[in-house]
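Fold and contact review
One letter stands for each residue in the lines below.
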Amino acid sequence: MSFRRIAPAIFILALAIPCTAQTVALTENDYKRAENLLGYNVNPLVLHSPARPVWLSDDRFWYRVTTERGTEFMLVDPARKTRMPAFDQPKLAAALSSASGTNYEPFALPFAQFTFEDGDRAISFDIGNRRWKCDTPGTKCTSANRNEIADSVLSPDGKRAAFIRDFNLWVRDVVSGKETQLTKDGVKDFGYATDNAGWTRSSRPVLLWSPDSKKIATFQHDGRGAGEMYLVHTAVGHPTLEAWKYPLPGDDKIFQIERVVIDVDDARVIRLRMPPDPHRSSLCDHVECDGSFADVEWSADSQQLAFISSSRDHKRATLRVADAVKGTVRDVIDEKVTTYFEGGANRPNWRFLPRSNAIIWFSQRNNWGDLYLYDLQTGNLQNPITGGEGNVSLTLRVDETNRLVYFLAAGKEKGRDPYFAHLYRVGFDGKNLTLLTPEDASHDVSMSPSGRFFVDRYSKPDVPPALVLRDSGGNLLETLEKADVSRLLARGWKPVTPITVKARDGVTDLYGLLYKPSNFDPAKKYPIVNHIYPGPQTGSVGPRSFSAARGDSQALAELGFIVVEIDGMGTPSRSKEFQDAYFGNLGDNTLPDQVAGMKELAQRYSWIDLDRTGIWGHSGGGYAAADAMFRYPDFFKVGISEAGNHDNRNYEDDWGEKWQGLLVRRPDGTTNYDNQANQLVARNLKGKLLLAHGTTDSNVPPDNTLLVVNELIKANKDFDLLLLPNRNHGFANDPYMIRRRWDYFAKNLLGAEPPKEYEFHPRP
């Protein structure tokens, strides 16, 4: 439901604001000026803003950066204190052009990633279905068909690739091409390594290779008896029906996983001696998070496997350790909570340390996300590692030799934005906490394989990034890049304004961003639009790092609006109490905080017209935007709800059962899910509402929106509906949707006539 998953239509328009004798018109130039603030136009204007570094095994790294010449690839050796081009780009471009028959400019090469080969004497990269290899001096390039197995997972030694065929797991020898079937009893709805969480699925196996490349940790995915989801594709002739397993809250049968270890050389399956686990993790609403098998770690000697078993309702997390040869399992840590347990956000904060006879465990038991040291054998708590206000957001590195933990945390530095991430180092004993990134900014840190160095890319929403190299003690070794936004400023671009307002309680500080048109006039009155994503797993603002364009918020403001994004109570990165603010009541959607914050801004700034208030969002934001129009019909005058999960009984089981709780049906026919169902309050609509949904949205199926449509019809309410045929979930940035969104707010909130059928021209 988050934005991860980050046409013609019936469309009826009416003005919500009475037109004066002379209607204001927005011109093509107005829309063009706004389009010029979208990412594909402004991002190329930022120079020396690098991509994340790619570390090599010897602690060197390369990174990609846009300069005055175009895109350049730089290679840095921290030990030797050198920084140079990763390869000769002009010569390589010439050799590649000659070999391929296509002309390539030296600083507009057709790849963003590459791999060093032959002791750095060559690089390899992909263009389409061809794998190219060029020597770094740029004298010769050769190519071959990509001999890769689609949807496979490569072993650590690079010699074998695991893949799924006919519900069973296979491996292929990368050099010889020989294939070996590892499992034999996989069948439909009970296959091995199956990647299906209902809301998302793929053909790629979910597994974790052992460090020695001889074992695979995975599971047999039991979907037998689970309910199905159906979508119909629009086409001429008989429609195509898409059907797959998709459990819902309250279903008797949900996905279960039977954990196994596979001995690859012997093609032997060791089934762990334990009951099946619910298809759950402590990191996300899947057992595959951020591209990895979630909550699973091997020991360095490949003999033990540690993992977390999460209960169906997420209220219990048990860390277990299995013998990878015998299949025996023992419980080490068992934590129970009243709301939901989280072990990290997409990536785990806990660590399995058999060499130190220890577990580093992450818990929010004291209202903050902290690390704790446990004895691996007894399961006894030895000591807290971190404490006080602020949250550990990512355990980045554990140095067992020196008994040190390097971690990112937010909210520990007083007087700074509590969402800014900083890097810290602390001992296993909780002593000598050291801040390693002192700048007042949000830090994106990448550590070298040895841990001797780290690269720090830091910025603020309104301050461009710098890229620096530091040693493990935080000492500055070199400033590698400082972003240059002079070309942006020359275009009239203005940075976003960070804001702080009080929450619904009048006490708690909330943080957000405010966007104004570049020709802002404080003597005027501007309608205000709230761009919302309510959480609970993230918020409206998103990352606190710099971005020249944050979606289309600045572009929308350019048309004559004030746009705000506010992270309300119930969103993460603050205290556990803060995030739990509306647990069991998803219909809250942070709306009391949005209303309180917008009212405060209107009192603070005379140029905000609170009588012309709009709201829009996508996915969870679409759910919240419609909810706002129904629960605050006198406050919000215009709303756009895109791809909303309007009743979580019609959305995937993991989501609702974590944040709303297990479904309880009462004797009187009501349920504990009634307070979050938008269709039950749709009759309250007073303003202008546009509902939009993709007809083949496999994440949030379109019947979520049709439930609301049905109730609006029953209540005889006017509304607008945009169905996008054969579109999946992520259409928020589709040019057609952006244009309709701008048109809708222009007509119904600004009282202006937009240019007819304005056409965007995104860059390839």
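From a predicted model like this one, the values you see are computed outputs, not experimental measurements.

Bringing the overall build of the chain into the picture now. If you tally the helices and strands in the chain, you get 11 helices and 52 strands. By the compact-globule yardstick of 27 Å for 764 residues, the chain fits well, its C-alpha radius of gyration being 27 Å. Here the chain, with 764 residues, has 56% of them falling under the buried criterion. When the accessible area of the chain is evaluated, it comes to approximately 31400 Å², of which 49% is carbon and sulfur surface. Positive and negative side-chain charges of the chain, numbering 93 and 98 respectively, have mean locations separated by a distance of 1 Å.

Residues Leu 154, Val 174 and Val 175 make up a contiguous nonpolar surface patch of roughly 300 Å² in combined accessible area. For Val 175, the location among the structural elements is in the loop between β12 (168-173) and β13 (179-181).

Our focus in this paragraph is unusual backbone geometry. Note: most peptide bonds trans; most residues except glycine with negative phi. Put simply, Gly 535 and Pro 536 share a cis peptide bond, and its omega is 5°. Take Pro 536: it is sitting in the loop between β46 (526-531) and α5 (553-558). A positive phi angle, near 75°, is found at Asp 59, a position not held by glycine. Positionally, Asp 59 belongs in the loop between β2 (54-55) and β3 (61-67). Residue Asp 59 is classed as buried on the basis of its relative accessible area of 6%. Backbone geometry at Asn 432 places phi at a positive 60°, although glycine is not the residue there.

Taken as a whole, this structure holds 2 disulfides when the rule is applied. The side chain of Cys 134 participates in a disulfide bridge whose partner is Cys 141; the two sulfur atoms lie 2.1 Å from each other. Taking the sign of the torsion about the S-S bond as the criterion, the disulfide between Cys 134 and Cys 141, at about 115°, is right-handed. Residues Cys 134 and Cys 141 agree in their burial class; the two are buried. What pairs with Cys 284 in a disulfide is Cys 289, and their sulfur atoms sit 2.0 Å apart. Every disulfide takes its handedness from the sign of the S-S torsion; for Cys 284 and Cys 289 that torsion is -85°, giving left-handed. Take Cys 284: its relative accessible area is 14%, and that puts it in the buried class.

Opposite charge on two side chains permits them to pair, given that their charged atoms come into close proximity. Inspection of every chain in the model, using the stated rule, returns 53 salt bridges. For the salt bridge of Arg 33 with Glu 558, the shortest nitrogen-to-oxygen distance reads 2.9 Å. Here Glu 558 lies in helix α5 and Arg 33 lies in helix α1 (residues 28-35), a separation of 525 residues in the sequence. Measuring nitrogen to oxygen at the nearest pair gives 3.3 Å for the salt bridge that ties Glu 711 to Lys 714. One end of the pair is Glu 711 and the other is Lys 714, both in helix α10 (residues 703-714) and 3 residues apart, which spans about a single turn. On the basis of relative accessibility, which here comes to 23%, the residue Glu 711 falls in the partly exposed class.

This part covers the nonpolar core. Grouped together as the largest cluster of nonpolar side chains are 45 residues, with contacts concentrated most on Leu 488, Val 529, Leu 556, Phe 561, Trp 742 and Phe 745. Of all the secondary structure elements, the ones that give two or more residues to this core are α1, β45 (509-515), α5, β49 (638-642), β50 (688-694), β51 (720-724) and α11 (735-750). The biggest single contributor to this core is α11, with 7 residues. Grouped together as the second largest cluster of nonpolar side chains are 41 residues, Met 598, Ala 624, Ala 625 and Leu 685 included.

Relative to the helices and strands, Val 46 resides in the loop between α2 (39-42) and β2. Judged by relative accessible area, which is 9%, Val 46 ranks as buried. C-alpha separation for the pair Val 46 and Thr 66, spaced 20 residues apart in sequence, amounts to 7.7 Å. Filtering out sequence-adjacent residues up to four positions away, Val 46 remains in contact with Thr 66, Ala 483, Asp 484, Val 485, Leu 488, Phe 546 and Ala 548.

Structurally, Lys 336 can be placed in strand β29 (residues 329-336). Classification of Lys 336 by relative accessible area gives exposed; the value is 60%. Separated by 18 residues in the primary sequence, Lys 336 and Thr 318 place their C-alpha atoms 8.7 Å from one another. Sequence-distant contacts of Lys 336, defined by excluding residues within four places in its chain, comprise Lys 315 and Arg 316.

Turning to the pairing of strand β40 (residues 442-447), a few remarks are in order. Of all 6 residues that make up β40, 5 are buried, and the element is covered over most of its length. Hairpin geometry of β40 and strand β41 (residues 453-460) is characterised by an intervening segment of 5 residues between the two adjacent antiparallel strands and by a positive phi of about 85° at Gly 451.

Attention now goes to the packing of aromatic side chains. Tallying each qualifying case throughout the model produces 31 aromatic pairs. Considering the side-chain rings of Tyr 605 and Trp 607, the 4.5 Å spacing of their centres and the 20° angle between planes classify their relative orientation as stacked. Residue Tyr 605 is classed as partly exposed on the basis of its relative accessible area, which comes to 24%. Taken together, the ring pairs connect Trp 62, Phe 73, Phe 87, Phe 111, Phe 114, Phe 116 and Phe 125 into an aromatic cluster. The ring of Tyr 372 is capped by Arg 365, whose NZ or CZ atom sits 4.4 Å from the centre of that ring. Directly above the ring of Tyr 419 sits Arg 544, whose terminal nitrogen or CZ lies 3.7 Å from the centroid.

What counts, and at which threshold
Residues numbered from 1 in each chain as written. Predicted model: local features only at pLDDT ≥ 70, side-chain atom pairs only at ≥ 80, totals over all residues. Heavy atoms only, no water. Helix = DSSP H or I, 4+ residues; strand = E, 2+ residues; numbered from the N terminus. Rg over C-alpha atoms; globule rule 2.2 N^0.38 Å. Buried < 20%, exposed > 50% of the residue type's maximum accessible area, 1.4 Å probe, protein only. Areas by Shrake-Rupley, 256 points an atom, 1.4 Å probe, with all protein chains shown as cover. Lys, Arg positive; Asp, Glu negative; His and termini not counted. Charge placed at Lys NZ, Arg CZ, Asp CG, Glu CD. Patch = residues over 30% accessible without salt bridge, like charges linked within 9 Å, V, L, I, M, F, W, Y side chains within 5 Å. Salt bridge = Lys/Arg side-chain N within 4 Å of Asp/Glu carboxyl O. Disulfide = S-S within 2.5 Å. Core = buried A, V, L, I, M, F, W, Y, C linked by side-chain atoms within 4.5 Å. Contact = heavy atoms within 4.5 Å. Pairing = 2+ DSSP bridges. Phe/Tyr/Trp six-rings, centres within 6.5 Å; stacked < 30°, edge-to-face > 60°. Lys NZ or Arg CZ within 6 Å of the ring centre and 35° of its normal.

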